[in-house]
Structures are given as structure tokens and as C-alpha cells.
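Summary of structural features
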Amino acid sequence: MTTATPAPSVNPVHSASGYLLRGASLLGAERADLLIRGGVIAAVGQDLEAPEGALVIDADGLVALPGMVDLHTHLREPGREDAETVETGTRAAALGGFTAVHAMANSNPVADTAGVVEQVYSLGLKSGWVDVRPVGAVTVGLKGERLAELGAMADSRARVRVFSDDGMCVHDPVLMRRALEYVKAFDGVVAQHAQEPRMTDGAQMHEGEVSAILGLPGWPAVAEESIIARDVLLAQHTGSRLHVCHVSTAGSVEIIRWAKERGISVTAEVTPHHLLLTDESVRSYDPVYKVNPPLRTESDVQALRRGLADGTIDIVGTDHAPHPSEHKECEWAQAAMGMTGLETALSVVQATMIDTGMMTWADFARVTSATPAEIGRVATQGRPLETGEPANVILVDPAARRVVDPHKMATMGKNSPYAGLELPGAVRAAFFAGHPTVLDGALNAPRPAPAEETPWIG
């Protein structure tokens, strides 16, 4: 019997007429004060005066960034509340520095109708920790047989713009073409889980030297690359937007680079774990390292880092995939695929991309906030730290160090591959639409549900 994770400690609720962030480093560069009032950035400048009743936050040594936006989160609800709920998942997201997440469609029931995506949307509004953007399924029941109600989900209260069968590949080229054509009518995007199913039947890990030594059925890189190659050509043919989920191989990076050079409308994401971990971890036979797509080789990891740095890969997506302990603490072959990632994403990206000199904090803001918001057509997120912009802002301490303890996380899933690893960086504060969801590194309070829903599609 799985027991619910106790709620993490919450600070006494701070409520003020405004919040003055004193001396923050904007995107890791110039220092300035930020005044947050009425849900927006009311002023940016030097030596700003704190209005009466405002809370002054000493941000010396902290980096101010736009709130992170995750295009790839599994919140599990409805139907999989033993693994995660919208409430627990969005608490984790807030602590990780996110102010918006896109909830993938592989819930139970599948988010393939207007009714289900509206349910997820309402749960997000009720939770109040971050914006929750439902992702609609491409096909009914994720079965890859016929298109789901794409238009109805797009017109619903949830205003869905991202569609994905993530966890399953839309392997039928005719169906994929029809989906790409359909979403053009409302400027949607199809996010593909690139996995040729006939080439990965029974696969347990990356196909290579380690899989041969361990005797585990391998998943060849070409199973991912062949689908991406096909789909970028379909995107070119239809003139529609394609997004490639969790790119994991050097060959995939090259195919996406080729497509972009030809003006094809394709974007791509990489997960934090594919930027750091390799198939060498699987030698332990610890199912925490079992993930889809699998951990690849060191040469793949380096290619992914270069691809993210040079813009071939557009964004970082967590692919946060919590599981009950019994689905991971078992034999490798029987274990579920997936890792948690919301509360460690910032630290892993800092360790692999910023601390290595491959990216700056301004680049970080681009790949974790501005670009994912643009891909998802989320108008109020990923905005510049400028006067009049929505106050979705985080403060990060880049000098902090912490040892990852999954049992201290807000997510119900304890299947973090970083347990016991020391990582850099910590989120000290987070403001969602001007409301302080995180203060002093701990949960403060959710944003009250708005009296009226406002459009968020750009």
C-alpha cells in the first residue's frame, strides 16, 4: 500500500503590498533592484524605495531570472494519484524554480478530450503553485490508431496548443502527417516521442558495449533518429510545427541541425539527465537509471551539450516522471521507466552547462523559460525582467551546494537518479504572477485562484 508523501514544510505565509528584491544580478549580469507589485514588475533600477508595506528581500549574490517553464512534465493526475498529483507535482515545480509546467497526456483517463484537459486545467488553477498547461493526446488513448479531439481541446477552457502521445510514438506516418496538418489551424505543435516501436520491442537500455556486457536487450540510436528524420520531412511537407521530445543521441542532434539549416519548423528538447548521466550507470542494475529514451554514451552526452549550447537543441524539458516505490524497487526488467526532475533541473543544468562555461545565465533563461514559453504559446511566461512585464520571477543562489535527498523532496516520486550527489545552485525565492510561492528556499503559499480566468495563449 503506497502512502502519500507528507507535505513539505511551509513558511509562515508572507503577504505584503509589494516585494522589493534588493541588489539582484539580472540574468547573472548587472545588479539592480526589482519591485514587484500588482502581479507585475513595477520598477527596475538602482536604489529603489520600498513602498509602504512592501517586503524587502536582500538579493545580494543572487541571480534574478524569469520563472522556468517546463514543456514536459508528468503530473499523473487523474488516475495515477499513487505516483503524483497536480498539487504535489506543482509544489515540486515551484521549489525547483518553475512558474509554469505542461502536464503530459498519459494520465488515466488519457487527456484526449476537452473534458479531461479542462479537469487538469482546473486542478492547476486550484493548486496555485504554478501555471499548469495541459498537453493533449495526439491519438485516442495514445493507441496511435485515430486522431484525438484536437480541435475541441484547442477550443476548450484549457486552450491546448501542445499535443503529444509521449510515452508512445506516433509511428504511423499517415497519422502523423494528419496531426501536423490539423494543428496548423490553431497554431498548435505536435511533440513527438521519437521511438520506432519495432526496433525497440523489449529494449531495456542503450544498445552498445555496456548492454552487451550486461546482457540486457539494447535500444539502438537509429530507432530514435529514423523517426526524427521522417518527421522533419513531414513538417517540411505540411509547413507545420514539430517539437522533438527528449533528444538523446548525437545522430539526432545532427538531423535536427540539418533540418534547421533548411528552414524546417522544428524545435527540440533535452532532459537534464541526458546532459549528465551515461549508460555506464546501468552497470549497477539499479532501476532508478531505467528511463525512456535510455541513458546513452559519453559521446552522446557531449553532443547534446554542444547542441544545447549552439541552439540546435532549443530547450531543456525535465520529463519529470514520478513512480511509486514498488514500481522502481524491483528487478530491472520489471521496473518502470522514468526519473524525477523538477526539483533538480536547475542544478543539473548549472553543473553541466553554466559551471563548465558552455552557457551563461542569460542562455539559461532562454532555454528554460523564454523559448519553452514561445513553443507552448504561453504569452505571460518567459518574459524579460522589465517594467510592466508579468512578475514570474525567481531568485537563484549559484554558490549554494546541496546533497540530493529524494526523501526531502515535495514530489511523491522518490526515483531521483541524483540521490547522494552534490549539486550546485538553489532556488531562494519564486514569484508566480507576483505572488511569492517560495521564500527563503521553502514553500510560502500558493497563489489564490483568480476570480476570472485570463487568456494565456499568445
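Keep in mind that what you see is a predicted model, and the values were worked out from it rather than measured.

Here the focus is the overall build of the protein. Looking only at helices and strands, the protein has 11 helices and 19 strands in total. Relative to the globule expectation of 23 Å for 458 residues, the C-alpha radius of gyration of the protein, 21 Å, shows essentially globular dimensions. Structurally, the protein occupies a C-alpha span of about 65 × 50 × 45 Å along its principal axes. The proportion of buried residues among the 458 residues of the protein is 61%. Considering only contacts in the protein between residues 6 or more positions apart, those separated by 24 or more positions represent 75%. In the form shown here, the protein has an accessible surface area of approximately 17000 Å², with 51% of it arising from carbon and sulfur atoms. The protein carries 37 positive and 57 negative side-chain charges, and their two centres are separated by 3 Å.

Here strand 13 (residues 241-244) shows two buried faces, one formed by Arg241 and His243 and the other by Leu242 and Val244. Here strand 10 (residues 189-192) pairs with strand 13 via four bridges, running parallel. Looking at the pairing, Gln192 lines up with Val244 of strand 13. Two strands pair when backbone bridges link them, and strand 13 and strand 14 (residues 266-270) are joined in this way by three bridges, in the parallel orientation.

Glancing now at the pairing of strand 7 (residues 98-103). Among the six residues of strand 7, six are classified as buried, and the element is accordingly described as predominantly covered. Where strand 6 (residues 68-73) and strand 7 come together, four bridges link them in parallel fashion. Considered in strand 7, the bridge of Met68 is made with Phe98. Taken together, strand 6, helix 1 (residues 86-95) and strand 7 constitute a β-α-β crossover, and its handedness is right-handed. Bridge count for strand 7 against strand 8 (residues 131-134) is four bridges, and the pairing is parallel.

The next subject is the sheet that holds strand 8. Ordered by their spatial adjacency, three strands build an open sheet running 6-7-8, and the pairing between neighbours is parallel. In the strand order of this sheet, the two ends are held by strand 6 and strand 8, each with one partner. Averaged over all adjacent pairs, the angle separating strand axes in this sheet is 20°, with direction ignored.

Here the residue pair Glu77 and Pro78 is connected by a cis peptide bond, since its omega of 10° sits within 30 degrees of zero. Geometrically, the link from Asn108 to Pro109 is a cis peptide bond, its omega value of 10° lying close to zero. By secondary structure assignment, the location of Pro109 is in the loop between strand 7 and helix 2 (114-127). One non-glycine residue with positive phi stands out, namely Arg76, at about 70°. Secondary-structure assignment places Arg76 in the loop between strand 6 and helix 1. Phi at Asp187 is positive, roughly 55°, even though this residue is not glycine. The residue Asp187 is located in the loop between helix 4 (173-183) and strand 10 in this model.

Here the focus is the nonpolar core. Membership of the largest hydrophobic core comes to 80 residues, with the highest contact counts inside it found for Phe163 and Leu308. In contact with Leu308, not counting residues within four places along its chain, are Val270, Leu275, Ile313, Ile315, Val316, Met353, Met359 and Val367. Core analysis: the next-biggest nonpolar cluster, separate from the first, contains 19 residues, Leu34, Leu385, Val393 and Phe431 among them.

Running from N to C, helix 7 (residues 250-261) and helix 9 (residues 298-310) cross one another at 30°; their axes reach a closest spacing of 8 Å. Here helix 7 is positioned roughly parallel relative to helix 9, judged by the angle of their axes. Together, Ala250, Val253 and Arg257 of helix 7 and Asp300, Ala303, Leu304, Gly307 and Asp310 of helix 9 make up the contact between the two elements. The residue inventory of the contact of helix 7 with helix 9, partitioned by class, reads four nonpolar, one polar and three charged.

Tallied over the full model, the rule gives 20 salt bridges. Between Asp231 and Arg230 there is a salt bridge whose closest N-O contact spans 2.8 Å. Arg230 shares its class with Asp231; the two are buried. Two residues, Arg257 and Glu254, come together in a salt bridge whose shortest N-O distance is 2.4 Å. Taken together, the residues Arg257 and Glu254, both in helix 7 and three residues apart, mark about one turn of the helix. Among the charged side chains, a network of salt bridges with common partners joins Asp187, Arg241, Glu374 and Arg377.

With 95% of its residues at a pLDDT of 70 or more, the protein has an overall mean of 95. pLDDT under 50 marks residues 1-10. Its contacts with residues more than four places away, or in other chains, come to 16 contacts. Low confidence marks residues 454-458, where pLDDT is under 50. Its contacts with residues over four positions away, or in another chain, come to 14 contacts.

What follows deals with the side chain of Gln195. With respect to the element layout, Gln195 can be found in the loop between strand 10 and strand 11 (205-206). Only 2.9 Å separates the side chain of Gln195 from the side chain of Thr200, close enough to count as a polar contact. A polar contact of 3.4 Å, which involves the side chain of Gln195, links it to the side chain of Asn292. Not counting chain neighbours up to four residues away, the residues in contact with Gln195 comprise Cys169, Thr200, Trp219, Ala223, Ile227 and Asn292.

Let us look at helix 9. Here helix 9 contains 13 residues, and its C-alpha end-to-end distance of 18 Å stays within 8% of the 18 Å for a straight helix at 1.5 Å per residue. Those residues of helix 9 that sit buried are Asp300, Val301, Ala303, Leu304, Arg305, Gly307 and Leu308. Remark: Gly311 follows helix 9 within two positions and exhibits a positive phi of approximately 90°.

The subject of this paragraph is helix 7. An ideal rise of 1.5 Å per residue puts 16 Å on 12 residues; helix 7 measures up with 17 Å between its terminal C-alpha atoms. Of all the residues in helix 7, the buried ones are Ser252, Val253, Ile256, Arg257 and Ala259. Along the axis of helix 7, the buried residues cluster in a sector spanning 160°; they form a single face. On its buried side, helix 7 packs onto helix 6 (222-238), strand 14 and helix 9. Two residues or fewer after helix 7 comes Gly263, characterised by a positive phi angle close to 80°.

The rules behind these values
Residues numbered from 1 in each chain as written. Predicted model: local features only at pLDDT ≥ 70, side-chain atom pairs only at ≥ 80, totals over all residues. Heavy atoms only, no water. Helix = DSSP H or I, 4+ residues; strand = E, 2+ residues; numbered from the N terminus. Rg over C-alpha atoms; globule rule 2.2 N^0.38 Å. Buried < 20%, exposed > 50% of the residue type's maximum accessible area, 1.4 Å probe, protein only. Contact = heavy atoms within 4.5 Å. Areas by Shrake-Rupley, 256 points an atom, 1.4 Å probe, with all protein chains shown as cover. Lys, Arg positive; Asp, Glu negative; His and termini not counted. Charge placed at Lys NZ, Arg CZ, Asp CG, Glu CD. Pairing = 2+ DSSP bridges. Right-handed = clockwise from strand over helix to strand, strands pointing away. Axes fitted to C-alpha atoms, helices over the stretch in contact; angles between N-to-C directions. Core = buried A, V, L, I, M, F, W, Y, C linked by side-chain atoms within 4.5 Å. Parallel < 35°, antiparallel > 145°, perpendicular 65-115°, else oblique. Nonpolar A, V, L, I, M, F, W, Y, C, P; charged D, E, K, R; others polar. Salt bridge = Lys/Arg side-chain N within 4 Å of Asp/Glu carboxyl O. pLDDT = per-residue confidence, 0-100. Polar contact = N/O pair within 3.5 Å; in protein donor to acceptor, adjacent residues only side chain to side chain. Expected span 1.5 Å × (residues − 1). Arc of directions from axis to C-beta.

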